[in-house]
Amino acid sequence: MEPLPPSRLVLPAGAWPSVLDFLCDRFPAIGRPVWIDRMERGMVEIDGVAIDRLAPYRPGTRLAYRREVLAEPTIPFEETIVHADDDLVVADKPHFLPTMPAGRFVEETLSVRLMRRLDNPALVALHRLDRGTAGLVVFSARPESRDAYTRLFRERRIDKVYEALAAPLPDLVFPHVRESRIERGEPFFRVREADGEPNARTRVEVLERGEHCWRYRLQPVTGRKHQLRLHMAALGAPILGDHVYPELRDEPADFSEPLRLLARELRFVDPVTGQDRSFLSKRSLDL
C-alpha cells in the first residue's frame, strides 16, 4: 500500500521551545513518545528536512509530518461516487465515516478511501461533514483548478440542503428561521449559543410529519461548526442520534445509533465551466 502524502502546516506565532513541544500541545491525543519515535524514523520535516526531538521552534517555517494509527477501527459502510471529472469528485458519504484523517482514523476516512480508489493523491476535500453526518462531499481533483472551487465554498456561493429527523415542533410556525450567535464551547469540540449579534442562520421547514418524529429540511445560510445540530437542539428538537447536543453522551460502539442528518443536495454555478451543477444524495433517513 502506497504511503499517504504528508500533512502540512505553517508553524504559527508562538513561544514553544521546540517543534516537539508544539506538536504535543497541538495534538494532545498523540503522546510525546510517539512524536519522538516518528522523528527518529524521519517522519517529521521542517522545510523539507527531517528533524529530531531538539529542533527549535521557528514560526513561519513549513512543517510536514506523516500520520499513522495502530489498530485503526474499521468502518463497515461504503461511500459511493456521485460524480467524477477532471476537476471535481462528488462522493456520497455514509454515517460514521470521517471526511478527513483525524484522531483514530487515517485509512478509514472518505478522503483516503477515494484517494486510493481513484489513484489520485492530489484529491482534496473542499469542505467536510462531521463523522456522524451522511451525504454529499465535494473534492477538488487537481491543483490547477482548485483555487476557483475553494473560493466558491469560501464565499458561500453554493446552496446546501440537509434533511434531519427530530421530535415534532407543533407550536412552531414554518418555515422558521433560527438565528443566534455561536461560539466555542466546552469541551473543545462543542459549540454553544451566546448573547450578542447573530453569526449563524438556519432555515427550517417540515417535509413529513410522523407521530413521534418529523422529517425536516434544513438550509444553513451560514456555515458555523455544528450549526444545524445546535440550532435544532435549541429549538427543542435535537436531531435523533445526536450524542453531543444538547447533552454530551457516550456513543455506542456498534454503529446502532447514527445521527439522522443527511447532506441531501448541493447546487452551484461551476466557476470553471459556467454550468449549473446540482447533485443529490441517494441515501435516505427512515422515518
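Quick caveat: nothing in here was measured; it's all calculated off a predicted structure.

Caption draft 1: Here's a closer look at the nonpolar core. In this structure, Phe139, Tyr216, Leu218, Met232 and Leu261 are the most contacted members of the largest nonpolar core, which totals 32 residues. Excluding its chain neighbours within four sequence positions, the residues that come into contact with Phe139 are Asp87, Leu88, Val89, Leu110, Ser111, Leu114, Leu123, Val124, Ala125 and Leu126.

Caption draft 2: Expanded view of helix 1 (residues 19-26). Within helix 1, 6 of the 8 residues are buried, which leaves it mostly tucked inside the rest of the structure. At its buried positions, helix 1 is contacted by strand 1 (7-10), helix 2 (32-40), strand 2 (44-46) and strand 4 (62-65).

Caption draft 3: Region of interest: helix 2. Residues of helix 2 that are buried include every one of Trp35, Ile36, Arg38 and Met39, and no others. The arc that holds every buried residue of helix 2, seen down its axis, measures 160°, which confines them to one face. Facing away from the buried side of helix 2 by more than 90 degrees, the exposed set consists of Pro33 and Glu40. Where helix 2 terminates, the next one or two residues include Gly42, which has phi positive at roughly 75°.

Caption draft 4: Layout of the pattern of salt bridges. Taken as a whole, this structure holds 26 salt bridges when the rule is applied. The shortest N-O distance in the salt bridge between Arg151 and Asp147 comes to 2.4 Å. On the criterion of helical spacing, the pair formed by Arg151 and Asp147 is a turn pair, its members being 4 residues apart in helix 4 (residues 143-154). With a closest N to O distance of 2.9 Å, Asp270 and Arg277 form a salt bridge. Within the structure, one salt-bridge network assembled from shared partners comprises Glu79, Glu108, Arg113 and Arg117.

Caption draft 5: Quick peek at the sheet that holds strand 2. Strand order in the open sheet made by the 4 strands is 1-4-2-3, with antiparallel pairing throughout. Looking along the sheet, the strands with just one partner apiece sit at the ends: strand 1 and strand 3 (49-50). Of the strand pairs in this sheet, strand 2 and strand 3 are connected by 2 bridges, and their pairing is antiparallel. Bridged to Glu45 within strand 3 is Ala50. Relative to the sheet, helix 1 contacts strand 1, strand 2 and strand 4, its axis offset from that of strand 4 by approximately 65°.

Caption draft 6: Representation of unusual backbone geometry. In the segment running from Phe174 into Pro175, the intervening peptide bond is cis, with an omega of -5°. For Pro175, the location among the structural elements is in the loop between strand 9 (159-166) and strand 10 (176-184). Looking along the chain, the bond that leaves Glu186 and enters Pro187 is cis, with omega of -5°. Its location among the elements puts Pro187 in the loop between strand 10 and strand 11 (191-194). One non-glycine residue, Phe96, adopts positive backbone phi at about 80°. Looking at the element boundaries, Phe96 is found in the loop between strand 6 (88-93) and helix 3 (110-117). A positive phi is found at Asp119, a non-glycine position, where the angle reads about 50°. Here Asp119 lies in the loop between helix 3 and strand 7 (124-125).

Each value, and the rule that gives it
- Residues numbered from 1 in each chain as written.
- Predicted model: local features only at pLDDT ≥ 70, side-chain atom pairs only at ≥ 80, totals over all residues.
- Heavy atoms only, no water.
- Core = buried A, V, L, I, M, F, W, Y, C linked by side-chain atoms within 4.5 Å.
- Buried < 20%, exposed > 50% of the residue type's maximum accessible area, 1.4 Å probe, protein only.
- Contact = heavy atoms within 4.5 Å.
- Helix = DSSP H or I, 4+ residues; strand = E, 2+ residues; numbered from the N terminus.
- Arc of directions from axis to C-beta.
- Salt bridge = Lys/Arg side-chain N within 4 Å of Asp/Glu carboxyl O.
- Pairing = 2+ DSSP bridges.
- Axes fitted to C-alpha atoms, helices over the stretch in contact; angles between N-to-C directions.

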